[in-house]
Amino acid sequence: MASSLTTASNGTSGSGKTFFGHPRGLATLFMTEMWERFSYYGMRALLVLYLVSGGADAATGSQGGGLAMTAATSTAIYSVYVSMVYLMAMPGGWFGDRVWGARKTVTIAGFVIMAGHASLAIPGQAMFFVGLALVAAGSGLLKANISTMVGHLYDGPDDPRRDGGFTLFYVGINLGAFLAPLVIGTVGENYNWHLGFLLAAIGMALGLGQFLYGSRHLNEKSSVVPNPLDAAERKAILVKVCLTVVAVAVFYGIVVAAGVYTLNWALVPITLAGLIIPIAVIVRIKRDKDLTQTEQSKVSGYIWFFVAAAVFWMIYDQGGSTLSLFADSKTADHIGPLSFPATWFQSLNPLFVMALAPVFAWLWLWLARRNQEPSTIVKFSLGLLGIGISFFVFLAPIGLAGDGKVSPMWLVGIYMIQTIAELCLSPVGLSLTTKMAPQKYASQMLGVFFLAVTAGDCTTGLLSLAGVDLNGTGIIALEAAAATLAAFAIFMYRKKVRALMGDVH
């Protein structure tokens, strides 16, 4: 990346060096996000495989063994973890806006994430759950604020470099996600799980170090607390937090003392909260009497997209659980002379995103110039249809595997279909959220869109906790059918939804 820093030229403000013609601070944020995603996706690639693995590690004979959990419990833990990362994005944004400011929040988040990965590197179930909680909390804090700092680098929303800057930032996300399973996944799966988690901690340390070093290139706005808490608000929040912590501690103390505690006592409440909170947030916004009739209508229309997105993410995020378990147990680990661990499949999605995102950006523009670009509703329908098709295709290798293994090209194809579906729905959903958000909730609505991920993953978690085998053909066919029906429902009711959207197209 050193060669990407060039001397400022026409079209860039300021003097000195730039990052591909953009403010130099973008290089700092690009590298921070790349290393954070490297640590996150590396750990995520190992997570389910580590949970189901049992016994001593083949390479070390001692500390490398996993936790020997069932596939259902492992999938539930994975789903809860991913949902909590996105759920924590909302309080993460609140901390940036009201307590620490974006820059300080990202710094603290980096230390929390690093401590979480380091905890995962220590063998034992207790340290595993401590590490998982820290990584989820830190990722939520960072996710909500680092994009805000990218926006601070530009002269308002009309700066012609702004979209290009976010595109480069998006490349950083996917570059880190692509490299992580190849490095961390290989070390963790082939040598020692905990060494893999330690590499994730080192990756985050590198990202944090260069963030602290390069923060002088960031905009001063990033250090400002936009809406700081006053003394009375701070005291009231501290009291509520302390009372909540005490209540939870007392409740679980009684459960443990009674000798009835199991892992489900922790997983089920968290999973239910992940479903209830998104619904409660949308209901609160919908019932706000300050909203105009037009804003109320847009919120009603947005609920359609929210539910559709939740169905989409419910299937999509199983790429790291259901598909990962299938890759480990039912998929050949070689193509010709090339052998590879199951974690490498997790690099396919970011690879396809980097390859196909420019194609989709060009395609939408090309169609727009001919007045043929699909509407947002049609794009959402295509995304849902695509994710449904991916699971219908998944039924084929499940049936073919039997007691043997299938070609890895089946999973390559499934991940490609899912990536195409993602590019139809995810970027469009983010853009749509900013357009349909009521003025009063302009900054909060992106957090609401992330809550669709929480709702989808918590649905998967509840199914696993209820004993449903998510690797079974019945449930996979049911999920595929649900996504396909949701796609057709949105498409068939497109006129009604479009009417609710008002001037948003």
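Below you will find a few notes about this structure.

The rules we used
Residues numbered from 1 in each chain as written. Predicted model: local features only at pLDDT ≥ 70, side-chain atom pairs only at ≥ 80, totals over all residues. Heavy atoms only, no water. Helix = DSSP H or I, 4+ residues; strand = E, 2+ residues; numbered from the N terminus. Rg over C-alpha atoms; globule rule 2.2 N^0.38 Å. Buried < 20%, exposed > 50% of the residue type's maximum accessible area, 1.4 Å probe, protein only. Areas by Shrake-Rupley, 256 points an atom, 1.4 Å probe, with all protein chains shown as cover. Lys, Arg positive; Asp, Glu negative; His and termini not counted. Charge placed at Lys NZ, Arg CZ, Asp CG, Glu CD. Patch = residues over 30% accessible without salt bridge, like charges linked within 9 Å, V, L, I, M, F, W, Y side chains within 5 Å. Salt bridge = Lys/Arg side-chain N within 4 Å of Asp/Glu carboxyl O. Contact = heavy atoms within 4.5 Å. 1 Å grid on protein atoms, 1.4 Å probe; cavity = no way out; pocket = protein on both sides within 12 Å on 5 of 7 lines; lining within 4 Å. Points joined across faces, edges and corners; volume = space filled by probe spheres on them. Nonpolar A, V, L, I, M, F, W, Y, C, P; charged D, E, K, R; others polar. Phe/Tyr/Trp six-rings, centres within 6.5 Å; stacked < 30°, edge-to-face > 60°. Lys NZ or Arg CZ within 6 Å of the ring centre and 35° of its normal. Core = buried A, V, L, I, M, F, W, Y, C linked by side-chain atoms within 4.5 Å. Expected span 1.5 Å × (residues − 1).

The next subject is the overall build of the chain. The helix and strand tally for the chain stands at 17 helices and four strands. For 505 residues, the compact-globule estimate of 2.2 N^0.38 gives 23 Å, and the chain sits close to it at 23 Å. Expressed along its principal axes, the backbone C-alpha trace of the chain runs to roughly 60 × 55 × 50 Å. Here the chain, with 505 residues, has 50% of them falling under the buried criterion. By element, 67% of the accessible surface of the chain is carried by carbon and sulfur atoms, the whole surface being about 22200 Å². Averaging the positions of the 31 positive and the 25 negative side-chain charges in the chain gives two centres separated by 7 Å.

Now for a nonpolar patch on the surface. A contiguous nonpolar patch, built from Phe251, Val256, Val260, Tyr261 and Trp265 and spanning about 450 Å² of accessible area, is present on the exposed surface. For Phe251, the position within the fold is in helix α8 (residues 231–257). We classify Phe251 as partly exposed; its relative accessible area is 41%.

Take unusual backbone geometry next. Positive phi is not limited to glycine here, since Ala68 has a value of about 55°. Along the chain, Ala68 turns up in the loop between α1 (25–52) and α2 (71–87).

Tracing the sequence through the fold places Thr107 in helix α4 (residues 102–120). Judged by relative accessible area, which is 16%, Thr107 ranks as buried. Once residues lying within four places of it in the same chain are set aside, the contact partners of Thr107 are Leu208, Phe211 and Leu212.

This brings us to empty space enclosed by the protein. This model, assessed by the stated rule, comprises one cavity of 30 Å³ or more. Lining the largest cavity are Ile282, Ile285, Val299, Tyr302 and Met445. For the lining of the largest cavity, the secondary-structure elements that each account for two or more residues are α9 (264–286) and α10 (293–316). When the residues that make up the lining of the largest cavity are grouped by side-chain class, the tally is five nonpolar, no polar and no charged.

Attention shifts here to the pattern of salt bridges. Pairs can form between side chains of opposite charge whenever their charged atoms are close. Within the structure shown, the criterion is met by four salt bridges. Here Glu233 ties to Arg98 by a salt bridge, and the two come within 3.0 Å at their closest N and O atoms. Here the residue Glu233 occupies a position in helix α8, and Arg98 occupies one in helix α3 (residues 89–98), the gap between them amounting to 135 residues. Exposure remark for Glu233: the relative accessible area of 30% places this residue in the partly exposed category.

A few words on the packing of aromatic side chains. Considering all chains together, one arrives at 24 aromatic pairs under this definition. Pairing Trp94 with Phe95 gives two aromatic rings, centres 5.2 Å apart and planes at 85°, and the pair type is edge-to-face. On the basis of relative accessibility, which here comes to 29%, the residue Trp94 falls in the partly exposed class. Residue class for Phe95 comes out partly exposed when judged on its relative accessible area of 27%. Measuring from ring centre to ring centre gives 5.7 Å for Phe340 and Phe345, while their planes differ by 80°; the resulting arrangement is edge-to-face. In this pair, the class of Phe340 matches that of Phe345, namely buried. Of the aromatic side chains, those joined through ring pairs into one cluster are Tyr50, Phe128, Phe129, Trp193 and Phe197. The ring of Tyr40 has Arg37 sitting right over it, with the charged end atom 4.3 Å from the ring centre. Sitting above the plane of the Phe450 ring, Lys143 keeps its charged end 5.3 Å from the centroid.

On to the layout of surface pockets, then. Empty space within the second largest pocket amounts to approximately 460 Å³. Lining the second largest pocket are 16 residues, and of these Met84, Leu132, Ala133, Ala136 and Ile270 lie nearest its centre. Counting only elements with at least two residues in the lining of the second largest pocket, the list comes to α2, α5 (125–152) and α9. When residues of the lining of the second largest pocket are assigned to their parent elements, the largest contribution, six residues, is made by α5. Partitioning the lining of the second largest pocket into residue classes produces 16 nonpolar, no polar and no charged.

Attention shifts here to the nonpolar core. Of all hydrophobic cores here, the largest spans 95 residues; its most connected members are Tyr81, Phe128 and Leu384. In terms of residues, this core owes the most to one element, α10, which gives twelve residues. Other than its neighbours up to four places away in sequence, Tyr81 contacts Tyr40, Met43, Leu47, Leu132, Val135 and Ala136.

With that out of the way, let us pick up helix α16 (residues 473–492). With 20 residues, α16 should cover 28 Å at 1.5 Å per step; its first-to-last C-alpha distance of 28 Å lies within 8% of that length. All of the buried residues along α16 are Ile475, Ile476, Glu479, Ala480, Ala483, Thr484, Ala486, Ala487 and Ile490. Buried-residue contacts for α16 involve α10, α13 (376–401), α15 (445–465) and α17 (494–500).

Summarising the element assignment, Gly116 is placed in helix α4. A relative accessible area of 0% places Gly116 in the buried class. The spacing of Gly116 and Phe197 is 81 residues in sequence and 9.3 Å in space, taken between C-alpha atoms. Apart from residues no more than four positions distant in its own chain, Gly116 is found in contact with Gly131, Leu134 and Val135.

Our focus in this paragraph is the environment of Gly110. Inspection of the secondary structure puts Gly110 in helix α4. Overall, the relative accessible area of 0% leaves Gly110 in the buried class. Sequence separation between Gly110 and Leu141 is 31 residues, and the spatial gap between their C-alpha atoms is 8.9 Å. When residues no more than four places from it in sequence are discounted, the contact partners of Gly110 are Met204 and Leu208.

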